[in-house]
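Here are the chains, one letter per residue:
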Amino acid sequence: MADLPDDPSAAVSPRLAVALAGAQDRRERRGRRLRPVAWGVLAAIAVQSLHAEPGPGGSGEHLAVALVLVGCLLPLAAVASGLWQMATPVRCLVFCLLVDGFGFALGILQPGTMSTLPPSVAVLTAFLVLRPLMAAAVSGVMMGALVGAAFAGMDGSADNLMHQLLFSVVLAIMAISMRQAGRNEERVELLLARLEDAREAEAEAAALAERTRIAQDLYDVLAQTLSGLAVQMQAARRMARRDQAGEDLRELLDRAGKLVKDGLGDARRAVGALRGDRMPSLDRLPELVERYRVDLELDVTMSVIGPRRDLPTDADLALYRGVQEGLTNAVRYARDARTTVTLCYEPQATVVTVTDRRTGPASSLVTQAGGSGLGLTGMRERLTDVGGSATAGPTPDGWQVRMEIPT
């Protein structure tokens, strides 16, 4: 068999998986190429036994020959036709014992016939399938039985015994050579696949290092500048309020401050992407829900409906942030409610809802509408930018935020 990765729990790369599948396919093809050999052995044993004395028949010694012949040929026919697969050592061991045992009995009933072939086939099969030590042990037992039978005068002459032993040794050496050649071929292919994976990982590491350097430069030049500008804008807003500046000026300063804040967030996301950081997505919703449930003690559960589908990165992030905003509002305004996050993959859209339901007497759920609204407004804008929509409002027993992105 081909050498598997050292750590069974380690992930197998697609390239290595293809190499392993190719190795398995070659082993199966080698097994199929040996089937004609099994048919040839079967035919040789059958023809020789039919012309030997005593031949197979319906009574007495002839009936015994017929039964033993059938017992010897049936396993060979099953393997030659592909009905008996040598998938496990136990199956191989049973096959070898059956063929050798009935072949041994056939040699006793018909001395000097093709009794050499069954034990030789069993030896070849053992060394092709079993581990070397186990194959040697099985072959030793079978050859020992032949030697014992020869010394007891039950199976032909000493010349016949020598032919059997030498033929079995030749087949064993051939099987070992075939198996080792196959293992070497598979090992080379797996090593090449691992080498390609290592080269690819090295290239990715070099690219990541370069992106990290660029990200650091961006952060130094852009993020720090925006942070300083945000501080200056905040000071300007305070001065405008202190000097009772006009409403237009204060609105302009507020808008500029928001743009600076949004630009700083975009810069941080861009730097994180360059560094290879994992961006939030719908795949991480269970982690988000669990964090709110454990860390903030929110009574929240999550359900997923429909088969998963991939979304554009921006849309994925927008839905994730929308759920985060909905859960944050639930913590602020509906801590005594039961919150449910539902991710539904509909045929025409991907829909996410965050629903709060009262579990006790009248509570402050509806006061969500009395907040600043900036979080919900930002959520709507983010979803609109990626072609989606968001709505939020009261329900008969609580509050619901619904986000939708068309397929």
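Keep in mind the model is a prediction, meaning the values are calculated, not measured. (Residues numbered from 1 in each chain as written. Predicted model: local features only at pLDDT ≥ 70, side-chain atom pairs only at ≥ 80, totals over all residues. Heavy atoms only, no water.)

### Some remarks on the confidence of the model for the chain
Okay, step 1: Chain-level statistics for the chain give a pLDDT mean of 78 and a share of 80% at 70 or above.
Okay, step 2: Considering each helix and strand of the chain separately, the mean pLDDT is smallest for helix 8 (residues 247-274), with a value of 69, and largest for strand 1 (residues 300-305), with 93.
Okay, step 3: pLDDT under 50 marks residues 1-10. Its contacts with residues more than four places away, or in other chains, come to 18 contacts.
Okay, step 4: Under a pLDDT of 50 for its full length, residues 362-372 has, in the predicted model, 21 contacts with residues more than four places off or in other chains. (pLDDT = per-residue confidence, 0-100. Helix = DSSP H or I, 4+ residues; strand = E, 2+ residues; numbered from the N terminus. Contact = heavy atoms within 4.5 Å.)

### Quick word on the pattern of salt bridges
Okay, step 1: Going through the model one piece at a time under the given rule, you end up with seven salt bridges.
Okay, step 2: The salt bridge partner of glutamate 196 is arginine 199, with a shortest N-O separation of 3.4 Å. With glutamate 196 and arginine 199 both in helix 7 (residues 158-242) and three residues apart, the pair spans about one turn of that helix.
Okay, step 3: Residue glutamate 196 is classed as partly exposed on the basis of its relative accessible area of 36%.
Okay, step 4: Here arginine 308 makes a salt bridge to aspartate 283, at a shortest N to O gap of 3.0 Å. On the criterion of sequence distance, the pair formed by arginine 308 in the loop between strand 1 and helix 10 (313-333) and aspartate 283 in the loop between helix 8 and helix 9 (285-295) is long-range, its members being 25 residues apart.
Okay, step 5: Given a relative accessible area of 49%, arginine 308 falls into the partly exposed group. (Salt bridge = Lys/Arg side-chain N within 4 Å of Asp/Glu carboxyl O. Buried < 20%, exposed > 50% of the residue type's maximum accessible area, 1.4 Å probe, protein only.)

### Looking at the packing of aromatic side chains
Okay, step 1: Per the stated rule, a full pass over the model turns up one aromatic pair.
Okay, step 2: Arranged with centres 5.8 Å apart and planes meeting at 80 degrees, the rings of tryptophan 84 and phenylalanine 95 form a pair that is edge-to-face. You can see tryptophan 84 sitting in the loop between helix 3 (60-80) and helix 4 (89-109) and its partner phenylalanine 95 sitting in helix 4, a full 11 residues away along the chain. (Phe/Tyr/Trp six-rings, centres within 6.5 Å; stacked < 30°, edge-to-face > 60°.)

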